[in-house]
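# Residue-level structural notes
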Amino acid sequence: MKQAVNEMQSVHVEDILKAHHLLKDVVIHTPLQKNEQLSERYNCNVYLKREDLQVIRSFKIRGAYNRIKQLSKEQLEQGIVCASAGNHAQGVAYSCKQLKTKGKIFMPSTTPRQKVSQVEKFGKEYVEIILTGDTFDDAFKSAVECCEAEGRTFIHPFDDFDVIAGQGTVAVEILNDTDVEFDYALAAVGGGGLISGISSYFRAISPSTKIIGIEPEGAASLAQSRLEGKVIELPSIDGFVDGAAVKRIGDRTFAICEETVERVVKVPEGKVCTAILELYNENAIVAEPAGALTIAALDLMKDELKGKNVVCIVSGGNNDIGRMQEIKERSMMHEGLQHYFIVNFPQRAGALREFLDEVLGPTDDISRFEYTKKNNKEKGPALVGIELKHKEDYKPLIERMDRKGFHYTEVNKDSNLFHLLI
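Everything in this summary refers to the structure shown in the same document. Owing to the predicted nature of the structure, the values given are computational and were not obtained by experimental measurement. (Residues numbered from 1 in each chain as written. Predicted model: local features only at pLDDT ≥ 70, side-chain atom pairs only at ≥ 80, totals over all residues. Heavy atoms only, no water.)

### Comments concerning the side chain of Asp364
Rules: For the purposes of this entry, the term helix denotes a DSSP run of H or I that reaches at least four residues, the term strand denotes a run of E that reaches at least two, and both are numbered from the N terminus. Exposure categories follow from relative accessible area, calculated using a 1.4 Å probe and restricted to protein chains: below 20% of the type maximum is buried, above 50% is exposed, and the middle band is partly exposed. Polar contacts here mean pairs of N or O atoms no more than 3.5 Å apart (in protein, one a potential hydrogen donor and the other a potential acceptor; neighbouring residues in sequence count only if both atoms are side-chain atoms).
If you trace the backbone, Asp364 turns up in the loop between α16 (351-358) and β12 (365-371). Residue classification places Asp364 among the buried residues on the basis of a relative accessible area of 11%. Separated by 2.7 Å, the side chain of Asp364 and the backbone nitrogen of Gly361 make a polar contact. Polar side-chain contacts of Asp364 include one of 3.3 Å to the side chain of Arg400.

As structure tokens, then:
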């Protein structure tokens, strides 16, 4: 049963329109583009709302600026604090410089260097960056402690009505820019600020549009909270989709989502990586993992999307080029094209040649090989990475290893071993 949103829990159209007016000279009115490749692939009309082209390459500037602009002169003089995995920090930093207020920004120590550098660039002398903990939730805890100790105003990344109203201006632009009646609107979900804002506006202006929340499979806090009928905190998360890797969705955002969001789709991190690569290769769009969530979800929803009008919010483009090898690796593993094994090779002449000639298929390729020969052992382990051209080549590969008597462990199927070695 959906939880009703009372007046104190709602973000109204008027709030979003006021934010839209306030932001019009601050943010970029990002394009709404029909994507022909995706439309053809999924037999529907796919439109992309390009928030990756925003002034900070993310929608987060909208909520951050709208919130900080509401502060009194005394609050601005006292300074602000925020916690962020990257994009909210950039929005706050940009706003601090524009409004000339000092900000302390707490970020997880795992934040990609590219995002940290962007915060420094946008905030300059107005911000101090503190890297702490491994996740957003760790940084959040430190930020709250700092806020209480120093009397600063905390700028929440998602669970704040002014922030939610600011994010809702994405929907204002979408509906102002086209006469298309959208059947579906897809938005990434981390803490829930974006989807709460756009769903509040769509519900009032285009109530027939189904709002679908898209979460990474390894950090699906909204999906789990809806399942249990209350806000819950996940015991652990996969931090790869850093812009949406949040253990606990907000109380306000959850209440709004219960009323306005049709359902939640969980996307495996590997599929997100495939979407990132396809967006770049086919459209020259640089999307960060959270920004590619909605595109990745299209494949999981393809049957119901046929013939429909769909808008996907590409929420951010702050992707560190240094992550591309990991993104490719995760994509190939998800597609069944990259496999790792620990193979026990007999320590005799010709064993490796036998493996290459009689185990590998004609289009299989060794992408990694690490082996140390020990003369006092009959067998020696090697870490072998094998790249397949087709996922159907996996079963014949395993059959040949079994037939030739090579003893092996599949690293892909042991998460602890995989993280240790790969």
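That was the structure; now back to the text.
### Some thoughts on helix α8 (residues 161-176)
Put simply, the rule reads: Here, expected helix span is obtained from the residue count minus one, scaled by 1.5 Å.
End to end, α8 covers 22 Å across 16 residues, agreeing with the expected 22 Å (1.5 Å per residue, within 8%). The element α8 is largely enclosed, with a buried count of 13 among its 16 residues. With a side-chain oxygen positioned 2.9 Å from the backbone nitrogen of Asp162, the residue opening α8 is Asp160.

### Things to note about the pairing of strand β2 (residues 45-50)
Put simply, the rule is: Note: two strands are recorded as paired if DSSP finds a minimum of 2 bridges between them.
When you tally the buried positions in β2, you get five out of six residues, the bulk of the element. As judged from the six bridges shared by β2 and strand β10 (residues 309-314), these two strands associate in the parallel manner. Considered in β10, the bridge of Arg50 is made with Val314.

### What to know about empty space enclosed by the protein
So the rule is basically this: Buriedness of a pocket was judged along seven lines, with at least five required to meet protein on both sides within 12 Å; pockets are open sets of points on a 1 Å grid over the protein atoms alone, cavities are sets where a 1.4 Å probe fits but cannot get out, and lining residues have an atom within 4 Å of a point. Grid points are joined across faces, edges and corners, and a volume is the space filled by probe spheres set on the points. Ten residues, namely Ala, Val, Leu, Ile, Met, Phe, Trp, Tyr, Cys and Pro, are considered nonpolar, four, namely Asp, Glu, Lys and Arg, are considered charged, and the remaining ones, Gly among them, are considered polar.
Tallied over the entire structure, the rule returns two cavities of 30 Å³ or more. Estimates place the volume of the largest cavity at around 300 Å³. In terms of lining residues, the largest cavity is bounded by 26 residues, among which Phe59, Lys60, Gly190, Gly243 and Ala244 are the most central. Listing elements by their share of the lining of the largest cavity, those giving two or more residues are α5 (87-99) and α9 (193-205). By residue class, the composition of the lining of the largest cavity is 12 nonpolar, 10 polar and four charged. Within this model, the second largest cavity holds a volume of roughly 40 Å³. Forming the walls of the second largest cavity are Leu38, Arg41, Glu278, Leu279, Glu282, Asn283 and Ile295.

### Examining the layout of surface pockets
Volume-wise, the largest pocket comes out at about 570 Å³. Taken together, 19 residues line the largest pocket, and the ones lying closest to its centre are Asp238, Arg330, Met333, Phe418 and His419. At the level of elements, α12 (269-283), α15 (324-334) and α18 (415-421) are the ones that each hand at least two residues to the lining of the largest pocket. Per element, the largest residue contribution to the lining of the largest pocket is six residues, and it comes from α15. Among the residues making up the lining of the largest pocket, the classes are represented as five nonpolar, seven polar and seven charged.

### A few points about the pattern of salt bridges
Short version of the rule: Salt bridge, as used here: a side-chain nitrogen of Lys or Arg that lies within 4 Å of a carboxyl oxygen of Asp or Glu.
Using the criterion set out here, one finds 29 salt bridges in the structure. The shortest N-O distance in the salt bridge between Asp52 and Arg50 comes to 2.8 Å. Classification of Arg50 as buried rests on a relative accessible area of 9%. Glu150 is paired through a salt bridge with Arg152; the nearest N and O atoms lie 2.8 Å apart.

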